[in-house]
Every structure is written in C-alpha cells, then in structure tokens.
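# Per-entry structural report
The primary structure of each chain is shown beneath.
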Amino acid sequence: MSDALQLILEDADGTQLETSCTRFAVMWQGKEVWIQQVGNGQLMIGVDVAEGDTEYANLLLRPLATNLVSLELEMEPADDGADDDHVHGPDCNH
C-alpha cells in the first residue's frame, strides 16, 4: 500500500487541481492541522504543538464496514524539550 494521499484542491471558481503527497497541513485557527496515513488504512489528523502546551491531540480515522468509520482521539504528551537538536522534517511524524 502506498503512503501517497490523492488530493483534489478546488478554488472559489470551481477550478480543480489534482496532486498527491505523503502528508499535508491545513491552517485552522492559527494552528497547522496535519493529515497523513499511518498504516493499516488509518488516517491521522494531528495539530501542531505551541510553546507551553502540555498535550497535543491526534485524531485517528479507521475504516470499518461500508460507509462506517471509527474516530478516536488520542492525547499525547507534548515534547518536554529534551531533544533540542531535533529538526522537524517530512519524516519525523510531528
């Protein structure tokens, strides 16, 4: 199974652009909301962490039967800054 997500982007006049990527973000209420596949047909939706946050949320969307999905909210502890040399990139899953 490929990690690529097929995207269809549409502007205000209805023009569509099709592309693919491994993950993408939407800016919403000043936060980056990242969307990516995490294996087993699951889709993870996670929010970036701001300074001072103690937790961050990930939403996992799991396909079930036809027209059914399971949506689960997972709270994760925010990074305590112990790895100050870490550079965020497309493969770090942050």
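Definitions and cut-offs
Residues numbered from 1 in each chain as written. Predicted model: local features only at pLDDT ≥ 70, side-chain atom pairs only at ≥ 80, totals over all residues. Heavy atoms only, no water. Helix = DSSP H or I, 4+ residues; strand = E, 2+ residues; numbered from the N terminus. Buried < 20%, exposed > 50% of the residue type's maximum accessible area, 1.4 Å probe, protein only. Contact = heavy atoms within 4.5 Å. Pairing = 2+ DSSP bridges. Axes fitted to C-alpha atoms, helices over the stretch in contact; angles between N-to-C directions. Patch = residues over 30% accessible without salt bridge, like charges linked within 9 Å, V, L, I, M, F, W, Y side chains within 5 Å. Areas by Shrake-Rupley, 256 points an atom, 1.4 Å probe, with all protein chains shown as cover. Salt bridge = Lys/Arg side-chain N within 4 Å of Asp/Glu carboxyl O. Polar contact = N/O pair within 3.5 Å; in protein donor to acceptor, adjacent residues only side chain to side chain. Phe/Tyr/Trp six-rings, centres within 6.5 Å; stacked < 30°, edge-to-face > 60°. Lys NZ or Arg CZ within 6 Å of the ring centre and 35° of its normal.

Per an unreviewed UniProt entry, the protein goes by the name Topoisomerase II and belongs to Phytopseudomonas punonensis.

Another aspect to go through is the overall build of the protein. Scanning the protein for helices and strands turns up zero helices and seven strands. Listed N to C, the secondary structure of the protein is β-β-β-β-β-β-β in terms of helices and strands. Burial status across the protein gives 14% buried among its 94 residues. Counting only contacts in the protein whose residues sit at least 6 apart along the sequence, the fraction spanning at least 24 positions is 12%.

Bridge count for strand S3 (residues 23–28) against strand S4 (residues 31–39) is six bridges, and the pairing is antiparallel. Within S4, the position partnered with Trp28 by the bridge is Lys31. The hairpin turn running from S3 into S4, its antiparallel successor, is two residues long, and Gln29 in that turn takes a positive phi close to 55°. One ladder, built from six bridges, connects S4 with strand S5 (residues 42–47); its direction is antiparallel. Bridging across to S5, Val33 finds its partner in Val47. Connecting S4 to the antiparallel partner S5 that follows it, the hairpin turn spans two residues, and Asn40 within it adopts a positive phi of roughly 55°.

As a further point, take the sheet that holds strand S6 (residues 55–63). With antiparallel pairing, five strands are arranged side by side in an open sheet as S3-S4-S5-S6-S7. Taken across any chain shown, the strands that pair with only one partner, and hence form the sheet edges, are S3 and strand S7 (69–77). Neighbour-to-neighbour, the strand axes of this sheet turn through a mean angle of 25°, independent of strand direction.

A surface patch of nonpolar side chains, about 380 Å² in accessible area, is lined by Leu59, Leu71, Leu73 and Met75. Per-element accounting of the nonpolar patch gives the leading share, three residues, to S7. Turning to its location among the elements, Leu71 is positioned in strand S7.

Attention shifts here to the environment of Arg62. As for its position among the elements, Arg62 is in strand S6. Each C-alpha atom, one on Arg62 and one on Gln42, is 4.8 Å from the other, the two residues being 20 residues apart in sequence. What Arg62 contacts, discounting residues up to four positions off in sequence, is Gln42, Val69, Ser70, Glu72 and Glu74.

Looking now at the side chain of Gln36. Locating Gln36 in the fold gives a position in strand S4. Engagement of the side chain of Gln36 in a polar contact is seen with the side chain of Arg23, the distance being 3.5 Å.

This next bit is on the packing of aromatic side chains. In the structure shown here, the tally under the stated rule is zero aromatic pairs. If you follow Arg23 out to its NZ or CZ, it ends over the ring of Trp34, 3.8 Å from the centre.

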